[in-house]
Amino acid sequence: MRKHSSVFMLLIRNKIYRVLFILLAMSAVSILGFRFSGFMDAPMFGENYGTWFLGVTCLLGYVGCVISCTEFASAKSKRAYTYQRLRVSEREILLWDVLTNMLIFFVLYGTEIIILGILAKMYAAAPGYVQGEQGIVAACYRSAFLHGMIPMAERGLWIRNICLVLIFGILCSCASVDMRYNSKPPILIFFLEIILVLCIPSDPGQGSYLLTVCGMIAAIFLLVDRCVRSHNGKRRSEDA
């Protein structure tokens, strides 16, 4: 058990500082930009391009976490050499990396929800705001981005968002394995991630569920394929 916990802590240490910087930068840009860019004077929360601003900052935070969770290291890199010296197989490292990435994306999603909650409270506390809590709730239904991030009573979207977090964690780990094995960026994996993140904005009753299911199937297939290709921390002879 100790060797597995050491692998998990190694993966956390490799990513935690970059992720914390990204989360802090995203929070600061979102709150300060929303406060001093005139969005507080909008007739409704998120209007006057407010949702576009928040959407771009969240997208940049997501891109930053993808870069932090994907290890751009070749088979001859120091990182790959370190993994080969561990007392666990490459397959087990892959699975621990998937878990680590999932936790990071859960933290990212939770941070984005907290940021939106803080901004909503700031907007509701503005002197000219008179709509009360109902105005904030109505804004979450009127804005596709806000509704996609905070689906309110639409449980299907909450489940979809959780599935997306799991998918992103799997895809980043599979991309890391591809980089170590092939030393080439896995363009198709990155393309799939971009498509899925752009589908997060959702109007009420429209959640891109079919695309999410297809993404989950593709992610599971990629994970199983990488697990089969991994063997004791080294490439199989037929993968060489």
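Calculation rules
Residues numbered from 1 in each chain as written. Predicted model: local features only at pLDDT ≥ 70, side-chain atom pairs only at ≥ 80, totals over all residues. Heavy atoms only, no water. Helix = DSSP H or I, 4+ residues; strand = E, 2+ residues; numbered from the N terminus. Buried < 20%, exposed > 50% of the residue type's maximum accessible area, 1.4 Å probe, protein only. Contact = heavy atoms within 4.5 Å. Areas by Shrake-Rupley, 256 points an atom, 1.4 Å probe, with all protein chains shown as cover. 1 Å grid on protein atoms, 1.4 Å probe; cavity = no way out; pocket = protein on both sides within 12 Å on 5 of 7 lines; lining within 4 Å. Points joined across faces, edges and corners; volume = space filled by probe spheres on them. Nonpolar A, V, L, I, M, F, W, Y, C, P; charged D, E, K, R; others polar. pLDDT = per-residue confidence, 0-100. Phe/Tyr/Trp six-rings, centres within 6.5 Å; stacked < 30°, edge-to-face > 60°. Core = buried A, V, L, I, M, F, W, Y, C linked by side-chain atoms within 4.5 Å. Patch = residues over 30% accessible without salt bridge, like charges linked within 9 Å, V, L, I, M, F, W, Y side chains within 5 Å. Salt bridge = Lys/Arg side-chain N within 4 Å of Asp/Glu carboxyl O. Expected span 1.5 Å × (residues − 1).

A.B. asks: Outline the overall build of the protein chain, listing residues and values.
C.D. replies: Per the secondary structure count, the protein chain includes 9 helices and 2 strands. Ordered by position in the sequence, the α and β elements of the protein chain form the string α-α-α-α-α-α-α-α-α-β-β. Scored against the burial criterion, the 240 residues of the protein chain give a buried share of 49%. Contacts spanning at least 24 positions in sequence make up 79% of the contacts within the protein chain whose residues lie at least 6 apart. Taken as a whole, the protein chain presents about 12,600 Å² of accessible surface, with 69% of it coming from carbon and sulfur.

A.B. asks: Describe the environment of Trp-158, with residues and values.
C.D. replies: If you trace the backbone, Trp-158 turns up in helix 7 (residues 155-182). Judged by relative accessible area, Trp-158 falls into the partly exposed class, the value being 28%. Separated by 10 residues in sequence, Trp-158 and Gly-148 have C-alpha atoms that sit 8.6 Å apart. Excluding its chain neighbours within four sequence positions, the residues that come into contact with Trp-158 are Tyr-109, Ile-113, Met-149, Ile-150, Pro-151 and Met-152.

A.B. asks: Lay out the layout of surface pockets with the relevant residues and their values.
C.D. replies: The probe, sized like a water molecule, is rolled over the atoms to show the empty space still left. Volume-wise, the largest pocket comes out at about 480 Å³. Contributing to the lining of the largest pocket are 23 residues, with Gly-55, Phe-145, Val-197, Ile-200 and Pro-201 lying nearest its centre. Of the residues forming the lining of the largest pocket, the biggest block, 7 residues, is contributed by helix 2 (residues 50-69). Class assignment for the residues of the lining of the largest pocket results in 18 nonpolar, 4 polar and 1 charged.

A.B. asks: Quick rundown of the confidence of the model for the protein chain? Include the residues and the values.
C.D. replies: For the protein chain, the average pLDDT comes to 79, and 79% of its residues sit at 70 or higher. The spread of mean pLDDT over the elements of the protein chain runs between strand 2 (residues 234-235), the lowest at 46, and helix 4 (residues 90-124), the highest at 88. Between residues 232-240, whose pLDDT stays under 50, and residues either more than four places distant or in other chains, the model counts 15 contacts.

A.B. asks: Would you mind going over the packing of aromatic side chains in detail, with residue names and values included?
C.D. replies: Following the criterion strictly, the structure yields 3 aromatic pairs and no others. Between Tyr-62 and Phe-168, the ring centres sit 4.9 Å apart and the planes meet at 55°, which makes this aromatic pair tilted. Taken together, the residues span a long stretch of sequence, with Tyr-62 in helix 2 and Phe-168 in helix 7 at a distance of 106 residues. Residue Tyr-62 is classed as buried on the basis of its relative accessible area of 7%. Given the relative accessible area of 4%, Phe-168 is considered buried. Members of the aromatic cluster, connected to one another through ring pairs, are Tyr-62, Phe-105 and Phe-168.

A.B. asks: So what about the side chain of Ser-176? Which residues, and what values?
C.D. replies: One can find Ser-176 in helix 7. Excluding its chain neighbours within four sequence positions, the residues that come into contact with Ser-176 are Cys-69, Thr-70, Glu-71 and Asp-97.

A.B. asks: Got a sec to walk through the nonpolar core? Specific residues and values, please.
C.D. replies: Of all hydrophobic cores here, the largest spans 48 residues; its most connected members are Phe-105 and Leu-171. Sorting elements by how many residues they give to this core places helix 7 first, with 11 residues. When neighbours within four sequence positions are excluded, Phe-105 is seen to be in contact with Tyr-62, Cys-65, Val-66, Cys-69, Val-165, Phe-168, Gly-169 and Cys-172.

A.B. asks: Before we move on, could you go through a nonpolar patch on the surface and cite the residues and values that matter?
C.D. replies: A cluster of nonpolar residues, Leu-59, Val-63, Ile-67, Phe-72, Ile-194 and Leu-198, forms a patch on the protein surface that exposes about 540 Å² of accessible area. For the nonpolar patch, the elements supplying multiple residues, two or more each, are helix 2 and helix 8 (187-198). The biggest single contributor to the nonpolar patch is helix 2, with 3 residues. Relative to the helices and strands, Ile-194 is located in helix 8.

A.B. asks: So what about helix 1 (residues 2-36)? Which residues, and what values?
C.D. replies: Taking 1.5 Å as the rise per residue, helix 1 with 35 residues should run 51 Å; its terminal C-alpha atoms sit 49 Å apart, in good agreement. Two residues or fewer past helix 1, Gly-38 is found with a positive phi of approximately 90°.

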